[in-house]
Amino acid sequence: MRWSKYLIPTLKEDPAEAEAVSHKLMVRAGLVRMLAAGIYVYLPLGQRVMEKINAIIREEMNRIGGQEVTMPVIHPAELWQQTGRWYDIGDEMFRLKDRNKRDMCLGMTHEEVVAWLASKEVRSYRNLPQIWYQIQTKERDEARPKSGVLRTREFLMKDSYSLDMDEAGLDRSYELHREAYCRVFERCGLRFYVVESDPGMMGGAGAHEFMAPSPAGEDEVAICSSCGYAANIELACSQPNKPAFPSWRLEEVATPDCRTIEQVSSYLGIDPGLTIKSLMVVTQEGPLLCLVRGDQRLHEKKLFRLIGEFRPAHRDEIKKISQAEAGFIGPLGIDLPILADSCLQEGVYVAGANKDGYHIRGVIPGQHFKARYADLHLAQTGEGCPKCGNTLTVECAIEVGNIFKLGIKYSVPLKAHFLDEKGEARPIIMGSYGIGPARIAAAAIEQNHDANGIIWPKSIAPFQVHLLVVNVSDPKMREMAERLYEELCRNGIEVLFDDRDERPGVKFKDADLLGIPIRVTVGTLAIKEGLVDIRVRRTGEEVRVPEGEGVNRVKARLGGVM
RNA sequence: CGGGGCGUGGCGCAACCUGGUAGCGCGCUUGGUUCGGGACCAAGAGGUCAUGGGUUCGAAUCCCGUCGCCCCGACCA
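Conventions adopted
Residue numbering note: each chain is counted from 1, following its sequence as written. Ligands are numbered from 1 and chains lettered from A, in the order in which they are written. Where totals are concerned, whole chains, interfaces and linings use all residues; where local detail is concerned, this predicted model gives features only for residues with pLDDT of at least 70, and gives and counts side-chain atom pairs only at 80 or more. Hydrogens and waters are ignored; side-chain quantities use all the structure's heavy atoms. Helix axes are fitted only over the stretch in contact, all axes being lines through C-alpha atoms; the angle between N-to-C directions runs from 0 to 180 degrees. The numbering of helices and of strands both runs from the N terminus, where a helix is a DSSP run of H or I of at least 4 residues and a strand a run of E of at least 2. If you view the pair so one helix is near and one far, a crossing is left-handed when the near helix is turned anticlockwise from the far one by less than a right angle, and right-handed when it is turned clockwise. Every residue pair with non-hydrogen atoms within 4.5 Å of one another is taken to be in contact. Think of it as three bins: nonpolar holds Ala, Val, Leu, Ile, Met, Phe, Trp, Tyr, Cys and Pro, charged holds Asp, Glu, Lys and Arg, and polar takes everything else, Gly as well. Salt bridge, as used here: a side-chain nitrogen of Lys or Arg that lies within 4 Å of a carboxyl oxygen of Asp or Glu. Classification of residues uses two cut-offs on accessible area relative to the type maximum, computed with a 1.4 Å probe and protein chains only: under 20% is buried, over 50% is exposed, and between them is partly exposed. At least two bridges found by DSSP between two strands is the condition for calling them paired. For the domain bounds, the source is a domain assignment made automatically or taken from a database. The term buried area denotes the loss of accessible surface (1.4 Å probe radius) that occurs when two parts are joined, taken as the sum for both partners. Two N or O atoms count as a polar contact when they lie within 3.5 Å, although within protein this holds only if one can serve as hydrogen donor and the other as acceptor, and sequence-adjacent residues are included solely when both atoms are side-chain atoms. Stacked, tilted and edge-to-face are the three classes applied to pairs of Phe, Tyr and Trp rings, where Trp contributes its six-membered ring and a pair requires centres within 6.5 Å; stacked means planes under 30 degrees apart, edge-to-face means over 60, and tilted covers the rest. Two conditions define a charge located above a ring, namely a distance within 6 Å from the ring centre to NZ of Lys or CZ of Arg, and an angle within 35 degrees of the ring normal. The set of buried Ala, Val, Leu, Ile, Met, Phe, Trp, Tyr and Cys residues whose side-chain atoms join them within 4.5 Å is what this entry labels a nonpolar core.

## Side note on the packing of helix α11 (residues 475–490) against helix α14 (residues 547–559)
Any two packed helices are characterised by the angle at which their axes cross and by the distance between the axes.
At step 1: Between α11 and α14, whose axes approach to 10 Å, the crossing angle comes to 35°. By crossing handedness, the relation of α11 to α14 is classed as right-handed. Between α11 and α14, the residues in contact are Met480, Arg483, Leu484, Glu487 and Leu488 and Glu547, Val551 and Val554, respectively.
At step 2: Split into classes, the residues belonging to the contact of α11 with α14 amount to five nonpolar, no polar and three charged.

Okay, structure coming up:
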């Protein structure tokens, strides 16, 4: 491809609206342009990257027996009404009416359509298992699109669905996907973790997410490097490090104006881990006191799973129940059910005295107050792994894929049944599996770039070789470059030929920005001594070889390490 | 949806506070010189200052509304 005839609008400066590295670079390198919040145009170069990624996904899906289909973007409301999601999902679903005022929606995912199809076409256990997949645009009216292509309202998704006759079959399909996904992300050159995830509204028995670590990611994962424990922070557990407990006796201490844990612990000169943080919440059943250790944070999702809907208590409610301001409430002598984090079962602490300006030192949970214990805290870097006790690290990551065991959540309402060997009708057991190709591209950039631009893994690079002529108006130089271009193409190598009439500096800068793995430069030495330069983008390593060897050297390079 | 910020030639920004009719860099066009890491000279094109209303002799500038975009939070099937 000749750059002079191709649309690659590169930018010298970062776009004002971009924050994430991948966002800046994708715009600067001419991969994408934003049409509206969270809605993007993929320019030719971006499109090529997406096609590379999709091709890898297709290969791996086909390899596990996946069959590609294409399902509609527009769905009739009835389908979603039958599973109840029409009502469960709020503003995030794009809804519209057709000319006959019939309710429709834009597909945010395709479980309903798959279950519908299965209900029509799957009759017998002999038809199972099945894996159907598509690479299709999804529409979700995200409350807050962000980070360029990482969180958009319209996005491409590879989604697949497994149909099995029983749990064992689902386990097999799930495992096939897990392996296929690992191969996909490995082939795309990503660093990633497979983590346990919260099945959430998808419902069902089990779920994992594929997480590519990056500061731009909006998820957090807790990772144990020794035993391999890996979980989304939404359900990650940890063993908090134990502080050295002093031998306090129970007494009231004045803590004037110390409302926060930091204030109390610094005023008393103690480790925040020796305090108890008391939080009053109001549930369906009334108020409840939640306790976590002072150096911990309450995990609201975990609490929600334990007690259902809740809200923080209002100031006046706190005052009324505890006789004290929010900063001074505590578990002693309070007439409320108490739910405490498990790590508080051991030790002696400072807690609020339910009296303004005072705390109580020497509080021993179990002895001085009764509580129900549960895991309520957010896992943090440096704490112990729940499995092996070694140090956990918590890091940000981009969710590039997920796999869910759905079970019969969709097959029952949509009557996706089959007849088993005994002739009895049973609901199909489903699984649902997604990959975000654009997120793979963005994650690859997040993980592979330097100050000058992108450094594509060769598997998903838009081109393999960036051929650059230093001066197009020099006939000999141009001629040699043309020769090389033809020869490289003839050898099946994808080459972007920068034949623009630009200054060399501009072309070199653009080459670094685009990040194509190998750059071949035809310059003054080419015409003087017949030498061309072959440079590896990632390492900056450069060799000078005779023109005749150029193609073979490039091929050798592409075959080897990047 | 709550909090904050921004909206000025294609891009990045200044002018706004203290009203007087818009400027810089990059890019773009033409000509010339240049050509191995974002060249130089000369000439040029391009802006209803997001939008609607108000205040004023006069509004990019002050006031109110609306829309759009970004960031933090909530949400995220």
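Next, the rest of the story.
## Some words on the pattern of salt bridges
If charged atoms from side chains of opposite charge come close, those side chains can pair.
At step 1: Counted under the stated rule, the structure contains 47 salt bridges.
At step 2: The partner of Lys97 in a salt bridge is Asp103, and the shortest N-O contact between them spans 2.9 Å.
At step 3: On the accessibility criterion, Asp103 (29% relative accessible area) is partly exposed.
At step 4: Among the salt bridges present, the one from Glu542 reaches Arg535, with a minimum N-O distance of 3.2 Å.
At step 5: The class of Glu542 is partly exposed, set by a relative accessible area of 37%.
At step 6: Take Arg535: its relative accessible area is 26%, and that puts it in the partly exposed class.
At step 7: Salt bridges sharing common partners tie together Glu59, Glu60, Arg63, Arg183 and Arg187.

## Considering the sheet that holds strand β5 (residues 95–97)
At step 1: Strand order across the open sheet formed by three strands is β4-β6-β5, with antiparallel pairing between neighbours. The strands lining the two open edges of the sheet, one partner per strand, are β4 (74–76) and β5. In this sheet, adjacent strand axes meet at a mean angle of 40° when their direction is disregarded.
At step 2: As paired elements, β5 and strand β6 (residues 103–106) share three bridges and run antiparallel to each other. Among the inter-strand pairings, Leu96 is bridged to a residue of β6, identified as Met104.

## Brief notes about the domain arrangement of chain A
At step 1: Along its sequence, chain A is carved into domain 1 (17–205 + 406–445), domain 2 (251–374) and domain 3 (463–559).
At step 2: Listed as interface residues are six residues of domain 1 and, on the opposing side, five residues of domain 3.
At step 3: Of the roughly 540 Å² buried between domain 1 and domain 3, counting both surfaces, carbon and sulfur atoms make up 63%.
At step 4: Of all residues in domain 1, the largest losses of buried area upon contact with domain 3 belong to Leu45, Arg48 and Lys52, amounting jointly to 65% of the total for that side.
At step 5: At the boundary of domain 1 with domain 3, the tally comes to two salt bridges.
At step 6: Taken together, the links from domain 1 to domain 3 amount to two residue pairs in polar contact (both at pLDDT 80 or more).
At step 7: Counting only elements with at least two residues in the side of domain 1 that touches domain 3, the list comes to α1 (21–28) and α2 (44–63).
At step 8: Taken together, the residues that form the side of domain 1 that touches domain 3 break down as three nonpolar, no polar and three charged.

## Looking at the packing of aromatic side chains
At step 1: Scanning the entire structure with this criterion turns up nine aromatic pairs.
At step 2: With a centroid separation of 5.3 Å and an interplanar angle of 55°, the aromatic rings of Tyr181 and Phe210 are classed as tilted. Pair noted here: Tyr181 is in helix α6 (residues 167–187) and Phe210 is in strand β10 (residues 206–213), with a separation of 29 residues, a long-range link.
At step 3: For Tyr181, a relative accessible area of 0% gives the class buried.
At step 4: Pairing Phe192 with Phe210 gives two aromatic rings, centres 6.4 Å apart and planes at 40°, and the pair type is tilted. With a gap of 18 residues between them, Phe192 in the loop between α6 and β9 (193–196) and Phe210 in strand β10 connect regions that are remote in the sequence.
At step 5: The exposure class of Phe192 is buried, given its relative accessible area of 18%.
At step 6: A cation over a ring is seen here: Arg95 above Trp86, with NZ or CZ 4.6 Å from the ring centre.
At step 7: The ring of Tyr358 is capped by Lys355, whose NZ or CZ atom sits 4.4 Å from the centre of that ring.

## Section: the nonpolar core
Burial of nonpolar side chains together is a common tendency in soluble globular proteins.
At step 1: Leu31, Tyr181, Phe185, Leu190, Val400, Ile440 and Trp456 are the most contacted members of the largest nonpolar core, which totals 58 residues.
At step 2: Sequence-distant contacts of Trp456, that is, excluding residues within four places in its chain, are made with Leu31, Val49, Ala441, Ala444, Ile445, Ala461, Pro462, Leu514, Gly515, Ile516, Pro517 and Arg538.

## Some points on unusual backbone geometry
At step 1: Residue Pro129 is bonded to the preceding Leu128 through a cis peptide linkage, with omega at 0°.
At step 2: Inspection of the secondary structure puts Pro129 in the loop between α5 (111–121) and β7 (130–139).
At step 3: Residues other than glycine seldom take positive phi values, yet Gln323 does so here, at roughly 70°.
At step 4: As for its placement among the helices and strands, Gln323 is situated in the loop between α9 (315–322) and β17 (338–341).
At step 5: Residue Gln323 is classed as exposed on the basis of its relative accessible area of 56%.
At step 6: The phi torsion at Lys415 lies on the positive side, around 55°, for a residue other than glycine.
At step 7: Relative to the assigned elements, Lys415 resides in the loop between β21 (392–407) and β22 (417–419).

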